[in-house]
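Structural features, examined
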Amino acid sequence: MKNLCRFIIIIACSHLTNAQIMNNPMITTSNKNDKPIVLNDLKIDVFVVDNIATTTIEMVFYNNNSSVMEGELNFPLPNGVTVSRFALDVNGEMREGVVVEKEKATQAFEAVVRKNIDPGMVEVTKGNNFKARVYPIPAHGTKKALIAFNQELKNNDQNYIYQLPLNIKYKLKSFHVKAEVVMNKPEVVKSAQPTINLNFTEAQNSYISEYHESDARLNSQLSFSIPKPKKVKKVITYKGKATSNNYFYVNLNLKEEQRTKNKPKNITIVWDESSSGKNRELGKELEILTHYIKWLNHGNITLITFVNTKNTEQTFKIQNGTSPKLINALKAIKYDGGTNINAVDFSKIKTDEILLFTDAISNFGEQQQAAFRAPILALNSSNIANHNLLSHYASASNGSYINAIEISVETVLERLTHQQKQFIKAEYNSEKISEIYPKNGHQITNNFSCSGIIEGAQSELTLHFGFGKEITESHTVLVDNSIRKDNALGERIWAQKKLQNVLVEADNDAIKNHGKKFNLVTPNTSLIVLDDVEDYVQYEIVPPASLQKQYHDLIARRNQKNATNKQNRIEQLCEQFEEDKQWWENAIDYRHVKEALDKKPNEPVIAVYETSPLATPEVFGDVEDEMELEEDAILEEVVVVGYGTRRRNLSNSNKAKKSERPKPSQATLKITAWDSNAPFINELKAVDTPDIYKTYLELKPEYETSPSFYFDVATYMFQKNLRDQGLRVISNLAELELENVEILRTLGRKLAEFKFHKEAIAIFKEVMQTRSFEPHSYIDLGLSYAGNGEYQKAINNLYTVIEKHWDDDIISRFNGIEIITLHDINNIIYHHKKELDTSFINTCFLKPMPVDIRVVIDWDANETDVDLWITDPRNEKCSYSNKETKIGGKISNDITQGYGPEEFRLKHAIDGKYIVEAKFFGSSKQSVIGNITVRAFVYTKFDTKEETKEVLTLQLEPTKGGEYTIGEIEFTK
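Residues numbered from 1 in each chain as written. Predicted model: local features only at pLDDT ≥ 70, side-chain atom pairs only at ≥ 80, totals over all residues. Heavy atoms only, no water.

Remarks on the overall build of the protein chain
- The number of helices and strands found in the protein chain is 22 helices and 44 strands.
- Out of the 973 residues belonging to the protein chain, those deemed buried represent 58%.
- Of the contacts formed within the protein chain by residues at least 6 apart in sequence, a portion of 72% connects residues at least 24 apart.
- By element, 46% of the accessible surface of the protein chain is carried by carbon and sulfur atoms, the whole surface being about 41200 Å². (Helix = DSSP H or I, 4+ residues; strand = E, 2+ residues; numbered from the N terminus. Buried < 20%, exposed > 50% of the residue type's maximum accessible area, 1.4 Å probe, protein only. Contact = heavy atoms within 4.5 Å. Areas by Shrake-Rupley, 256 points an atom, 1.4 Å probe, with all protein chains shown as cover.)

Brief notes about the packing of helix α17 (residues 741–753) against helix α18 (residues 757–771)
- Between α17 and α18, the least distance of the axes is 8 Å, while the angle of their chain directions is 155°. Between α17 and α18, the crossing angle belongs to the class labelled roughly antiparallel. Our pair here, α17 against α18, has a crossing hand that is left-handed. Only His 757, Glu 759, Ala 760, Ile 763, Phe 764, Glu 766, Val 767, Thr 770 and Arg 771 of α18 make contact with α17, whose side of the interface consists of Val 741, Leu 744, Arg 745, Leu 747, Gly 748, Arg 749, Leu 751 and Ala 752.
- Tallied by class, residues from the contact of α17 with α18 come to 9 nonpolar, 3 polar and 5 charged. (Axes fitted to C-alpha atoms, helices over the stretch in contact; angles between N-to-C directions. Parallel < 35°, antiparallel > 145°, perpendicular 65-115°, else oblique. Left-handed = near helix turned anticlockwise from the far one by under 90°. Nonpolar A, V, L, I, M, F, W, Y, C, P; charged D, E, K, R; others polar.)

Considerations on the environment of Val 542
- Take Val 542: it is sitting in the loop between α8 (533–538) and α9 (548–585).
- For the pair Val 542 and His 552, spaced 10 residues apart in sequence, the C-alpha separation works out to 8.4 Å.
- Residue contacts for Val 542: discarding those within four places in its chain leaves Val 98, Tyr 536, Gln 548 and Tyr 551.

What about the side chain of Thr 715?
- Mapped onto the elements, Thr 715 comes out in helix α14 (residues 707–719).
- With near-sequence residues (within four places) excluded, Thr 715 lies in contact with Trp 674 and Lys 750.

Thoughts on the pattern of salt bridges
- Here the structure, examined in full by the defined rule, presents 45 salt bridges.
- The salt bridge partner of Arg 728 is Asp 336, with a shortest N-O separation of 3.9 Å. With Arg 728 in helix α15 (residues 723–730) and Asp 336 in the loop between α3 (324–331) and β23 (353–357), this residue pair connects regions lying 392 residues apart in the sequence. Each of the two residues, Arg 728 as well as Asp 336, counts as buried.
- The partner of Lys 685 in a salt bridge is Asp 675, with the nearest N and O atoms 2.7 Å apart. Pair noted here: Lys 685 is in helix α12 (residues 679–685) and Asp 675 is in the loop between β35 (666–671) and α12, with a separation of 10 residues, a long-range link. (Salt bridge = Lys/Arg side-chain N within 4 Å of Asp/Glu carboxyl O.)

Some points on the sheet that holds strand β43 (residues 948–956)
- Ordered in space as β39-β40-β36-β42-β43, the 5 strands form an open sheet in which the pairing is antiparallel. Only two strands of the sheet have a single partner each, and these edge strands are β39 (890–891) and β43.
- As paired elements, strand β36 (residues 851–859) and strand β42 (residues 932–942) share 8 bridges and run antiparallel to each other. In the strand pairing of β42, Val 855 is matched with Val 938. (Pairing = 2+ DSSP bridges.)

Notes on the state of the cysteines
- All chains considered together, the criterion is met by 1 disulfide.
- Each disulfide pairs two cysteine sulfurs, and for Cys 574 the partner residue is Cys 844, the sulfurs being separated by 2.0 Å. Disulfide Cys 574-Cys 844: the torsion about the S-S bond is -70°, which places it as left-handed. With a gap of 270 residues between them, Cys 574 in helix α9 and Cys 844 in the loop between α22 (817–832) and β36 connect regions that are remote in the sequence. (Disulfide = S-S within 2.5 Å.)

Things to note about the side chain of Ser 362
- For Ser 362, the position within the fold is in the loop between β23 and β24 (376–380).
- Among the polar contacts made by the side chain of Ser 362, one reaches the main-chain carbonyl oxygen of Thr 339 at a distance of 3.4 Å. (Polar contact = N/O pair within 3.5 Å; in protein donor to acceptor, adjacent residues only side chain to side chain.)

Points about the sheet that holds strand β25 (residues 400–403)
- One open sheet accounts for 6 strands, arranged β22-β21-β20-β23-β24-β25; its pairing is mixed. The sheet is open, and its two borders are formed by β22 (310–318) and β25, each paired with just one other strand. Recorded for the sheet is a direction-independent mean angle of 15° between the axes of neighbouring strands.
- As judged from the 8 bridges shared by strand β21 (residues 299–306) and β22, these two strands associate in the antiparallel manner. Each residue of the ladder has a partner; that of Thr 305, found in β22, is Thr 312.
- Strands in contact with helix α2 (residues 282–296) are β20 (266–272), β21, β22, β23 and β24; relative to β20, the strand with the most contacts, it is inclined by about 175°.

Brief notes about the pairing of β20
- Of all 7 residues that make up β20, 6 are buried, and the element is covered over most of its length.
- Sheet topology places β20 next to β21; 7 bridges connect them, and they run parallel. When the bridges of β21 are listed, Val 270 appears paired with Ile 304.
- Bridge count between β20 and β23: 5 bridges; the pairing is parallel.

Concerning unusual backbone geometry
- Here the bond from Tyr 437 into Pro 438 is cis, since omega is 10°, no more than 30 degrees from zero.
- Cis geometry marks the peptide bond from Gly 900 to Pro 901; its omega dihedral reads 5°.
- Relative to the helices and strands, Pro 901 is located in the loop between β39 and β40 (902–906).
- Positive phi is not limited to glycine here, since Asn 519 has a value of about 60°.

What follows is the structure in structure tokens.
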């Protein structure tokens, strides 16, 4: 495989009058010795119709290293704006991206990267943050990527304003801008900041300006204004592209109108103190709150703080316009932990109004629809935020949402102390006009826009605005459908407005279908570019138009083949499971044969002792009775030479007496508790238990970007029985990198280890949203359901591993995972059979197989090889190079390309110690967590009433050899 390094391209964005800032786009590599990969050429194209702008950014990056690189381009966009186009240079031509389900795009991207082929993908993470993944940028070569988005322009009293601030500190080889405005002549905005000198000239109902500069260093803004029409009486329509509908778009200038509200006597402040809280403009928020308290003058304030759980609740007095104790309490907050906005039950808060300070990016715990008892004034001061959720909280509670990042403190106070005008309702002929967005209750200031669908030649639309139910302003416009623009902008703006409504409803299928239909990147869809039509076929992704004929021909042939393959696969799994049963039924018992212990590991074991063929048991009968039957039966001689066996009948004189057999040995299981040797752990060990969390907070600034820091600290806190603090610390993993699956798996498995099963289930459900193409997602969720006592859900999820049609790449990489999963399914059924419906499970798979020892490991990192080693009392290692031991130990297939699992089983354990180890072998991709996080399940007397189980998550350090002794099992009389 080629030498592959990962890099991240970051375009930092903030909102100055809702503009995006291109701030020094650069690729940083994980290796500090690598040269930075910089933006070489930048081309910006802006097209404006009415107040709708389409911005297309074409970037060429140059890799001045000797390594091929995969990249991530992160960029937040304003509320209501989404990526509309993504294209990538494939063999010298720009290949357009197509919208597909997010998990399917992820699966295809990662698979083709493993084949060193050119994919690219754009997806949305939490909030309105977008991430583009590009592979490869060749060594000492370039890669061109194109991203476009649509937006409605903000305005002042007379003009719409377009602004794109640019802050690129290093020299660009080439910089080019083209701006085109239809119908209205734009003007360059005068600003204190340097502006790009645009000179617009008229050309066929449009005004166009172009600008080019070589060897450019940019610290300026692309900015111009467009005169607003004084009054809108008629609007035209746009032809649909994804549908045959005709869409209209109305943008109105409204009176600046607000009403001073009655001063509330009792207010509640709900304050987000999670780790991401430090990214908010906290100084600005406190300034706003101080001025608002001054306006209130007197009253009571209840402060509720929340992180992964509801944290504190305190009451403060406002006297003479101040509440210094409240302000000091807020200043003293240490921001730490994940975000669970549902930790606060707003329906139970009795108050006049609620001030909610948060970015609303809830990343921990189950997501639920909230109910409200008091109006919520939601205030956000972070660049990356869940604007849709905050807007929904405001409109659903008859409150308001204020995006403080866009406006001054004075403007925020105006909105806090006044009732804001809102869209009350629309009146129209429902036979001609339908699906108008936004819905009623939308908060407005001095402008309002809506979009809908029209049938027929024309129809009137009346829009009403006011306060509460009181209408104070109405506008009637004629929607003229006689002349339709052949431009998809109208349809796209309508689709974006509807998306905001669909997102609030949190219907994943509806979001997915809407995104695919209108080519929108949503939380459930992504834009992807693939190199070869075969890749589109393999993942059933409809390609760009140029490849579609070939695609549909290949799909028809493939579907016919898949129907046959699915049935064949079940039959093959039945055969494999039958082979596994044969291994179990024919396992030789050396526990009472002294000769077995006297031989050296490299010598064959030759033993004469009592045994018999195991009777075929009734499915899920009493397994302990079966084991006794095996012990008590009249046996035949087994001669074992190496790994082979042969059998012959014994004479009565050679038979041993049952009464002479020793009693079964007892198992003792000792797990080596995870004990990091990191310096920060040593500092925590040096303080008393009550001071551990305080000391952790003091250490956090130095290590806050390291996942291993939270993993180790939380583990130590759990070991010290500081469960609440440990839970808060480990929840930080959800904040580190939005929707990073490897980190989320580590988080979920650590939660499950310490029996936070509900929290683990929520995490694994989130993983399932983007990784249902991997069997491990069903295993993690199924085992967590079992830990939580939800056994039917457990076997339902686990059995998906057996019956689902997996991609060939998955089957080859994780060969044998089904048999290991069947052992877990049968174990759950054995212990909880009376509670379960197993009718959906093929009966060929129903068979518990008790063993004295079972060990299973899996790990978090893709494309990584971790090995399970078991050393038995004869000092023989069972591993990938020695898969069956002379006393009957057996290990599963060696998984070399990520995640595992690997399993060891021994039906009859001889007396002595068994050492369980995990060893990092190699990786073609370094885990994001730096170290490799391994989970181990260690069982004794598996599938029996005496079963014991220990679970451990640990970290292997590849740079230090990557070995860890998980524990030891000892069998003694």
